[in-house]
Amino acid sequence: MSSKKAVKKPETKTKQRCDDCGKPVDMTMQISAPGSKPGAKLCADCFEKRGKKIASEIIRNGRERLSTHVELLPVSLTTEELLARSDRLANIESEISAEDERHAQMKAELKAGMTRLVSERSRLAVIVSQKSEPRNVEVAVYQVPNSHSVEIVRLDFNQIVRTREMTKEELQMVLPLGELGAANSGGDDPAA
Ligand SMILES: [Zn+2]
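What counts and how
- Residues numbered from 1 in each chain as written.
- Predicted model: local features only at pLDDT ≥ 70, side-chain atom pairs only at ≥ 80, totals over all residues.
- Helix = DSSP H or I, 4+ residues; strand = E, 2+ residues; numbered from the N terminus.
- Buried ≥ 20, exposed ≤ 12 C-beta atoms within 10 Å, placed from the backbone.
- Contact = placed C-beta atoms within 7 Å.
- Core = buried A, V, L, I, M, F, W, Y, C linked by C-beta atoms within 7 Å.
- Pairing = 2+ DSSP bridges.
- Axes fitted to C-alpha atoms, helices over the stretch in contact; angles between N-to-C directions.
- Expected span 1.5 Å × (residues − 1).
- Bend = angle between axes of the 7 residues up to and from the residue.
- pLDDT = per-residue confidence, 0-100.

Asks: With reference to specific residues and values, describe the overall build of the protein.
Replies: Within the protein, the secondary structure is distributed over 4 helices and 9 strands. Listed N to C, the secondary structure of the protein is β-β-β-β-α-β-β-α-β-β-β-α-α in terms of helices and strands. Put simply, the protein has 192 residues, and 7% of those count as buried. Contacts in the protein between residues at least 24 apart in sequence constitute 23% of all its contacts with a sequence separation of at least 6.

Asks: Requested: an account of the nonpolar core, with residues and values cited.
Replies: The biggest cluster of nonpolar side chains holds 8 residues, and these are V25, M29, I31, L42, C43, A44, C46 and F47. Of all elements in the fold, only β3 (29–31) and α1 (44–58) reach the threshold of two or more residues within this core. Looking at this core, the element that brings in the most residues is α1, giving 3 residues. Leaving out residues up to four positions away in the same chain, L42 has contacts with C18, D19, D20, T28, M29, I31, F47 and R50.

Asks: Give a description of unusual backbone geometry that names residues and reports values.
Replies: One non-glycine residue, K131, lies in the positive phi region at around 55°. Its location among the elements puts K131 in the loop between α2 (79–130) and β7 (139–143). We classify K131 as exposed; it has 6 C-beta atoms within 10 Å. A positive phi angle, close to 50°, is found at N158, a residue other than glycine. Mapped onto the elements, N158 comes out in the loop between β8 (149–154) and β9 (159–165).

Asks: Please provide a residue-by-residue account of the sheet that holds β8, values included.
Replies: If you trace the 3 strands from one edge of the open sheet to the other, you get β7-β8-β9, paired in antiparallel fashion. Whereas interior strands pair on both sides, the edge strands pair on one side only; in this sheet they are β7 and β9. Strand-to-strand twist across the sheet, computed as the mean angle between neighbouring axes with direction ignored, equals 25°. Pairing of β7 with β8 involves 5 bridges; the strand directions are antiparallel. Counted as the bridge partner of A140 is V153 from β8.

Asks: Could you give an account of α2, naming the residues involved and the relevant values?
Replies: Its 52 residues place the ends of α2 77 Å apart at the C-alpha level, agreeing with the 76 Å of an ideal helix rising 1.5 Å per residue. Along its length, α2 shows its largest kink, about 30°, at I92. One or two residues past the end of α2 sits K131, with phi positive at roughly 55°.

Asks: With reference to specific residues and values, describe the pairing of β7.
Replies: In terms of burial, β7 is a largely surface element, 0 of the 5 residues being buried. Where β7 folds back onto β8 in an antiparallel hairpin, the turn is made up of 5 residues, including N146, whose phi is positive at roughly 55°.

Asks: Describe the confidence of the model for the protein, and please don't skip the residues or the numbers.
Replies: Detailed conclusions should not be drawn from predicted coordinates in areas where pLDDT is low. The pLDDT averaged across the protein works out to 83; a share of 81% of its residues lies at or above 70. Counting interchain partners and residues more than four positions distant, the pLDDT-below-50 stretch residues 183–192 has 16 contacts.

If you want it as structure tokens, here you go:
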């Protein structure tokens, strides 16, 4: 191939690399033409190829080129690219599974958060309407005189909360030893 044909701007630096083929050459040429990036430094062969290409494309089958733009079109993969895509395809299945799991977990967390809020709202609504809330209050257990019953008395207001039968342990504390057996087997408050 001729290296003189399309020369526009010879450069004299030694061993530059051609932008198209990467070949080290003594001299590169800059190409400037419509549809070509300005300033590409090419070896003589590539310069000629580009020149021919450009020339052939400005007028193609007798049609004048009006403009250029970019479109998404199928391009064959190199072996390396094909390998990379295949690897990615193999890996993506497990990534999808992991993502699915993450979604399920997040959904569960969101649902738990909502349940917590709804439950707190119900609890507060009751408290506000009753103007009171359950708290731990110290209470005392008193024997009802001449009975096997006790009264549970809250100590903050000295009020009876409820009465109930004595437990075995409480009976042991108040009964003479001889009567304990009868009280245990009888069950219900024989002395009341
Ligand atoms: Zn080249």
